[in-house]
Amino acid sequence: MEKKERVIQEYVPGKQLNLAHIIANPDESLYTRLGINDAGAIGILTVTPTETAIIAADIATKSANVEIGYLDRFTGSLVIVGSVANVETAIQNINEFFVKTLKFSTAEITRS
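On a predicted model such as this, the values are computed, not experimentally measured, just so you know.

Undergrad: Is there a simple way to explain unusual backbone geometry in this structure?
TA: A negative phi angle is the norm for most residues apart from glycine, just as the trans form is the norm for most peptide bonds. Between Thr48 and the following residue, Pro49, the backbone shows a cis peptide bond with an omega angle of -5°. Among the structural elements, Pro49 can be located in the loop between β2 (41–48) and α2 (52–63). In the Ramachandran plot, Asn25 falls in the positive-phi region, its phi being about 50° despite a non-glycine side chain. By secondary structure assignment, the location of Asn25 is in the loop between β1 (16–24) and α1 (28–33). A positive phi angle, near 60°, is found at Lys103, a position not held by glycine. By secondary structure assignment, the location of Lys103 is in the loop between α3 (84–100) and β5 (105–106).

Undergrad: What is the right way to read the side chain of His21 from this model?
TA: Assignment of secondary structure puts His21 in strand β1. Taking relative accessible area as the criterion, His21 reaches 16% and is therefore assigned buried. A polar atom in the side chain of His21 sits 2.6 Å from the side chain of Thr110. Other than its neighbours up to four places away in sequence, His21 contacts Ile42, Gly43, Ile44, Ile91, Thr110, Arg111 and Ser112.

Undergrad: Before we go on, may I ask you to explain a nonpolar patch on the surface in this structure?
TA: The grouping of Ile54, Ile68 and Leu71 at the surface amounts to a nonpolar patch, some 230 Å² of accessible area in total. Relative to the elements of secondary structure, Ile68 occurs in strand β3 (residues 66–72).

Undergrad: Hey, could you run me through the pairing of strand β4 (residues 77–82) in this one?
TA: Regular strands place their side chains on alternate faces of the sheet. Across the six residues that make up β4, a large majority, six, are buried. Both faces of β4 are covered, namely the face carrying Ser77, Val79 and Val81 and the face carrying Leu78, Ile80 and Gly82. In terms of strand pairing, β3 meets β4 through six bridges, oriented antiparallel. Looking at the pairing, Asp72 lines up with Ser77 of β4. The turn linking β3 back onto β4 is made up of four residues, and Gly76 within it adopts a positive phi angle of 80°.

Definitions and limits used
- Along each chain, residue indices are assigned from 1 in the same order as the chain's sequence is written.
- Local features are withheld for residues below a pLDDT of 70 in this predicted model, meaning they are given only at 70 or higher, and side-chain atom pairs are given and counted only at 80 or more; totals for whole chains, interfaces and linings count all residues.
- Neither water nor hydrogens contribute to the side-chain values; these are computed over all heavy atoms in the structure.
- Helix and strand assignments come from DSSP, with helices taken as H or I runs of at least 4 residues and strands as E runs of at least 2, each series counted from the N terminus.
- Each residue's exposure class comes from its accessible area (1.4 Å probe, protein chains only) as a fraction of the maximum for that residue type: buried when under 20%, exposed when over 50%, partly exposed otherwise.
- As used in this structure description, the phrase polar contact means that two N or O atoms lie within 3.5 Å; if the pair is within protein, one of them must be able to donate a hydrogen and the other to accept it, and residues adjacent in sequence are counted only when both atoms belong to side chains.
- Every residue pair with non-hydrogen atoms within 4.5 Å of one another is taken to be in contact.
- Think of a patch as exposed residues, more than 30% relative accessible area, with no salt bridge, where like charges cluster within 9 Å and nonpolar side chains (Val, Leu, Ile, Met, Phe, Trp, Tyr) cluster within 5 Å.
- All accessible areas in this document rest on Shrake-Rupley with a 1.4 Å probe, and a residue is counted as covered only by the protein chains that are shown.
- Take a side-chain nitrogen of Lys or Arg and a carboxyl oxygen of Asp or Glu: if they are within 4 Å of each other, that pair is a salt bridge.
- Strand pairing is defined by DSSP finding a minimum of two bridges between the two strands.

Geometric descriptors of this kind do not, in isolation, establish any biological role.
In structure tokens form, the structure reads like this:
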């Protein structure tokens with residue numbers, strides 16, 4: 001009989017923006033699978049503490065013409081959609097606010 005291992009995954013809360021990535025001009029199959037309407041760009045962020053994803057979403061929608069594609073306050077995941085320029089502006093503003101106001105560590109904004 002094969003012995004099975006049990007893996008326990010745990011979040012260690014910190015004040016950090018862990019991932020900030022922009023997918024420019026995504027293939028239709030990608031945004032369709034995500035349940036998102038046609039988008040020039042998709043911005044993906046993960047934050048801890050996870051509830052700060054709500055703050056990030058607020059900053060994104062107030063600072064650029066983007067829509068919330070997905071928001072989960074339990075995992076800290078946020079997906080925003082819009083034009084490449086607007087998604088980039090929103091993520092830059094989130095990074096700036098998190099560093100200056102919330103004193104977070106932030107991730108470098110990456111692109112694909």
